[in-house]
Structures are given as structure tokens and as C-alpha cells.
Amino acid sequence: MSRQLWLRAETRASERRAPITPGGVATLIADGHTVTVEDSPRRVFPTDAYAEAGATIADAGSWVGAPADAVIVGLKELPDEPAELRHRHVFFGHAFKHQPDAARLLGRFAAGGGTLLDLEYLTDEGGRRLAAFGYWAGYVGAAVTVLLHRGQLDVPLRPTTRPELDARLASTPDGTGALVLGALGRCGRGATDGFRAAGLTPTRWDLAETRDLDRAALLDHELLLNAVLATEPGTPFLTPADLDRPRRLAVVCDVTCDVGSPCNLLPIYDAVTSWEDPADRLRTDPPLDLIAVDNLPSLLPEESSVAFAEDLLPHLRDLDGGPWRRCARLFTAALDEESTHG
Ligand SMILES: NC(=O)c1ccc[n+]([C@@H]2O[C@H](COP(=O)([O-])OP(=O)(O)OC[C@H]3O[C@@H](n4cnc5c(N)ncnc54)[C@H](O)[C@@H]3O)[C@@H](O)[C@H]2O)c1
């Protein structure tokens with residue numbers, strides 16, 4: 001069935017990523033779909049490239065007036081207006097786990113009769129996510145960790161390209177010990193490759209290696225990157241008291257940014273860090289710095305967009321498929337829960 005897809009401009013000033021590439025637009029149009037792309041000078045792919053691929057170009061924010069059956073596609077938060085959302089929206093809504101703004105967003109959909117098809121919940125039948133930014137989050141996390149440790153991190157962080165980043169990382173092996181927790185996952189694999197790009201050979205731990213956690217061995221690494229997807233509370237990998245034990249550990253990068261969640265396995269800090277201020281000093285003697293930046297893939301907007309869009313495209317080509325029906329059911333359940341317990 002042919003559809004109208006509408007790629008909206010992102011509102012966040014630092015967001016340059018896109019969930020559809022110009023090549024993806026050409027594929028969708030060849031399928032018989034209609035594609036509108038909002039102009040966005042920040043987006044990593046130029047608006048002209050979308051026009052050349054056959055998209056109709058529209059002003060930023062004009063999705064508000066799109067035909068009722070258009071599917072609006074984006075990545076991050078919607079603007080605060082309109083108060084009532086009447087379309088089907090595909091993006092990361094962060095609204096199904098009682099997040100701080102969840103009730104307000106769900107209320108806007110309820111008021112307008114629209115639907116949130118949340119990309120975080122686009123999964124196969126086994127619950128495996130079909131499109132995610134994890135690999136590049138891990139890669140950038142490892143890169144930032146190494147550069148901070150070498151005293152070469154440029155602050156504020158700014159978007160770059162992989163060749164530029166790899167050129168900055170390249171060095172001869174120097175024996176620095178790096179440990180990746182959750183090494184078999186998407187972020188963990190990206191982190192492994194990021195450390196390797198810097199000439200390091202990281203230790204890789206996943207479920208089997210953390211069951212009887214050897215904290216002394218953990219503290220014997222200079223660099224630690226946590227990429228564990230924790231879905232329930234568990235024994236912390238480190239507590240504040242561990243930071244005062246003998247250690248080589250000098251930089252911790254918590255890619256999960258689970259601070260404040262009951263599932264947090266690294267309760268050694270209080271708040272995420274930012275592009276302006278990426279590292280927080282937790283101990284001074286010897287120094288121990290913490291990085292917890294929650295939008296790492298945005299620092300490699302082109303590579304992360306290309307990879308994500310490639311995974312998403314087959315599902316945009318089939319908007320009636322099972323994964324979207326599962327998303328819609330989760331949305332309905334979240335609305336019901338909100339109206340019952342809200
Ligand atoms: N900071 C960012 O910008 C950013 C971007 C994307 C994802 N993330 C976060 O990164 C985390 C990982 O995401 P992912 O997509 O790589 O998940 P994933 O499911 O692909 O991988 C998670 C890995 O953790 C392992 N694991 C689970 N419990 C463990 C334990 N107790 N000990 C050791 N290993 C364990 C799993 O076996 C799996 O290999 C998530 O919290 C996600 O939200 C952060």
C-alpha cells in the first residue's frame with residue numbers, strides 16, 4: 001500500500017542525524033510511496049540531495065499541516081506545539097517507562113487521536129531491536145575515553161567524521177588497559193572497535209565474566225566503558241567505596257547513562273555530562289574522570305545515520321508490517337495505563 005512519508009526537521013540544535021537518507025527516499029519513491037522532506041540546514045544530508053532523489057521539499061515544522069494520513073518520521077523530541085497530535089509519528093518518544101515528560105506527550109496524542117510508533121520498540125518477534133544507534137555510541141564513547149585519558153579531548157565536543165576521528169585516535173600501542181562491559185552487545189562491539197582504532201586491545205566482559213565479578217581486575221584497567229543493557233536492578237559493578245581502593249582506573253565512560261534508574265549498575269555519579277562539559281572528576285588522587293554523555297552517536301552524525309537508516313528502511317517500505325503493529329499495541333497499552341494510573 002502506498003503511503004505519504006514526511007521526514008520532519010529536528011528541533012534540537014545539536015541534532016544533525018536523520019532516520020532516512022537521500023538514497024532511502026529514492027527507494028521509497030520507487031516503491032510507489034510519496035516522500036516529503038522538511039528543509040533543515042543542520043541535517044547531515046543536504047536538502048538538495050533529498051530533492052534530487054525525488055522528495056517534495058517543505059518548510060521546517062510544516063508537518064503540522066500534513067495530510068491526516070501522512071506518517072511523520074523523525075528521531076528526537078517534537079516541538080511543544082501543537083498541543084494535540086493527530087498524525088502517526090515515528091520517533092524516539094521516551095514515553096513508555098514513566099519518564100518525566102511521558103504523561104504530557106501521551107496526553108497530546110490522546111487529545112489529537114494520533115499514534116506514537118516508538119523506534120525504541122521496533123522489534124522482531126523475539127524482542128530484538130531492528131534499528132538502533134548503539135554501535136556508534138560505543139565507538140564514540142571509546143574514542144572520547146581515550147582522548148580524555150591522553151589529555152587530547154577538545155571541549156566542547158563537536159560532530160566529526162570517522163576518518164577525522166580515526167586520524168586523531170591513531171597511535172602506537174602503549175599498554176593502556178581498557179575494559180568493555182557488555183562487550184557482546186551493539187555498544188560493546190562499537191566500543192571494542194573504537195579502542196582498537198586507538199591501538200588498544202580491550203578486555204571484553206559480558207554476562208559470563210561479570211557473574212562473579214573480579215573488582216580488583218576491573219580496577220586494574222586504566223579505562224572502563226560500561227555498555228551493559230540492564231533491565232532489572234543488580235549488584236553494582238562499582239560503588240563509591242571501590243573508587244578509594246588501589247586502582248589504575250582513571251577514566252570511566254558510562255554509555256548506558258542509567259544514572260537515577262533503579263537498574264543503574266554504576267552508582268558512582270549523580271548526573272549525566274554534556275558536550276560542553278563531558279568529563280566530571282570523581283576523585284583527585286589519583287585522578288578519576290567520568291564521562292556520561294547521552295547522545296554520543298550525534299558526534300558521528302553521518303556514519304550513525306547511514307547505519308540506522310539502512311536498518312530502518314525495510315520497515316518504512318512496509319508500514320503495515322508486524323513490527324509496527326507491535327509498536328502500535330505498545331502505544332495503546334501505554335495510553336491505557338496512563339489513563340488508569342496517570
Ligand atoms: N549514551 C548514548 O548515546 C547511548 C546510545 C545508544 C545506546 N545507549 C545505551 O547503551 C546500552 C547498551 O545498548 P545496546 O544497544 O548495546 O544493548 P545490547 O542489548 O545490544 O547489548 C547489551 C549487552 O549487555 C550484556 N549484559 C547484560 N547484562 C549484563 C551484565 N550484568 N554483565 C555483563 N554484560 C551484561 C548483554 O549480554 C549484551 O551483550 C543501553 O543502556 C542503551 O540505552 C546509550
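Quantities reported herein were computed from a predicted structural model and do not represent experimental measurements.

## Regarding the sheet that holds strand β7 (residues 178-181)
Paired through their backbone hydrogen bonds, the strands of a sheet run either parallel or antiparallel. Strand order in the open sheet formed by 6 strands is β8-β7-β9-β10-β12-β11, and the pairing between neighbours is mixed. The open sheet is flanked by β8 (203-205) and β11 (279-284), the only strands paired with a single partner. Going across the sheet, the axis of each strand differs from the next one's by a mean of 15°, ignoring polarity. The pairing of β7 with strand β9 (residues 223-226) spans 4 bridges and is parallel.

## Some details on the UniProt feature "binding site: NAD(+)" (unreviewed entry) in the protein
Mapped onto this structure's residue numbering, the UniProt feature "binding site: NAD(+)" (unreviewed entry) falls at Arg128, Gly185, Arg186, Asp206, Thr210 and Val255. Accessibility expressed as a relative area gives 51% for arginine 128, which makes it exposed. Excluding its chain neighbours within four sequence positions, the residues that come into contact with arginine 128 are Leu122 and Thr123. The exposure class assigned to glycine 185 is partly exposed, which follows from its relative accessible area of 24%.

## Description of the packing of helix α4 (residues 134-149) against helix α6 (residues 186-197)
At a minimum axis distance of 6 Å, the contact between α4 and α6 shows a crossing angle of 40°. For the crossing formed where α4 meets α6, the hand is right-handed. Here α4 contributes Gly134, Tyr135, Ala137, Gly138, Tyr139, Ala142, Thr145 and Val146 to the contact with α6, which in turn contributes Arg186, Cys187, Arg189, Gly190, Ala191, Asp193, Gly194, Phe195 and Ala197. Tallied by class, the residues present in the contact of α4 with α6 amount to 9 nonpolar, 5 polar and 3 charged.

## Thoughts on the pairing of β7
Both faces of β7 are covered, namely the face carrying Ala178 and Val180 and the face carrying Leu179 and Leu181. Relative to β8, β7 runs parallel, the two being bridged by 3 bridges. Pairing of leucine 179 across the sheet is with threonine 203, part of β8. At this point the chain moves from β7, through α6, to the parallel β8, and the crossover so formed is right-handed.

## Overview of the site of the ligand
Around the ligand lies a shell of 20 residues, among which Cys187, Asp206, Thr210, Val255 and Leu296 are the nearest. Between cysteine 187 and the ligand, the recorded distance is 2.7 Å, taken from a backbone N or O atom to an oxygen atom. Between an oxygen atom of the ligand and a main-chain N or O atom of aspartate 294, the distance comes to 3.2 Å. Residue classes in the shell around the ligand are distributed as 12 nonpolar, 5 polar and 3 charged.

## A few points about the nonpolar core
Formed by 35 residues in total, the largest nonpolar core has its most connected members in Phe195 and Leu225. Taken together, the elements giving at least two residues each to this core come down to α4, α5 (162-169), β7, α6, β9 and β10 (251-254). Take this core: its biggest share by element is 10 residues, from α4. Core analysis: the second largest hydrophobic core is formed by 31 residues, Val37, Ala53, Leu119 and Leu313 among them.

## Some thoughts on the domain arrangement of the protein
Taken domain by domain, the protein comprises domain 1 (4-121 + 301-341) and domain 2 (134-299). Distance from the C-alpha centre of domain 1 to the C-alpha centre of domain 2: 31 Å. Buried surface at the junction of domain 1 and domain 2, both sides included, amounts to about 780 Å², of which 54% is carbon and sulfur. When residues of domain 1 are sorted by the area they lose upon contact with domain 2, Ser14, Pro301 and Glu303 head the list and together hold 54% of the total. Seen at the junction of domain 1 and domain 2, the total is 0 salt bridges. In this assembly, domain 1 and domain 2 are joined by 4 residue pairs in polar contact (both at pLDDT 80 or more).

## Overview of the sheet that holds strand β3 (residues 56-58)
Pairing is parallel in the open sheet, where 6 strands are placed in the order β3-β2-β1-β4-β5-β6. The open sheet terminates on both sides in strands that have one partner only, identified here as β3 and β6 (115-118). The sheet shows a mean angle of 25° between the axes of neighbouring strands, taken without regard to direction. As defined by bridge partners, strand β1 (residues 4-7) adjoins strand β4 (residues 71-73) across 3 bridges and the pair is classed as parallel. Bridge pairing in β4 places leucine 5 opposite valine 71.

## Comments concerning the side chain of aspartate 258
Along the chain, aspartate 258 falls in the loop between β10 and β11. Given a relative accessible area of 18%, aspartate 258 falls into the buried group. Sequence-distant contacts of aspartate 258, defined by excluding residues within four places in its chain, comprise Ala230, Cys263, Asn264 and Tyr269.

## Description of the packing of α4 against α5
Contact geometry for α4 and α5: axes closest at 10 Å, N-to-C directions at 35°. Relative to α5, α4 is oriented so that their crossing is left-handed. Where α4 abuts α5, its residues Trp136, Tyr139, Ala143, Val146 and Leu147 lie against Arg162, Leu165, Asp166, Arg168 and Leu169. A breakdown of the residues in the contact of α4 with α5 according to their chemical character gives 7 nonpolar, no polar and 3 charged.

What counts, and at which threshold
Residues numbered from 1 in each chain as written. Predicted model: local features only at pLDDT ≥ 70, side-chain atom pairs only at ≥ 80, totals over all residues. Heavy atoms only, no water. Pairing = 2+ DSSP bridges. Helix = DSSP H or I, 4+ residues; strand = E, 2+ residues; numbered from the N terminus. Axes fitted to C-alpha atoms, helices over the stretch in contact; angles between N-to-C directions. UniProt positions renumbered as here; feature names shortened; annotations may be inferred. Buried < 20%, exposed > 50% of the residue type's maximum accessible area, 1.4 Å probe, protein only. Contact = heavy atoms within 4.5 Å. Left-handed = near helix turned anticlockwise from the far one by under 90°. Nonpolar A, V, L, I, M, F, W, Y, C, P; charged D, E, K, R; others polar. Right-handed = clockwise from strand over helix to strand, strands pointing away. Near = heavy atom within 4 Å. Polar contact = N/O pair within 3.5 Å; in protein donor to acceptor, adjacent residues only side chain to side chain. Core = buried A, V, L, I, M, F, W, Y, C linked by side-chain atoms within 4.5 Å. Domains from an automatic or database assignment. Buried area = accessible area lost by both parts, 1.4 Å probe. Salt bridge = Lys/Arg side-chain N within 4 Å of Asp/Glu carboxyl O.

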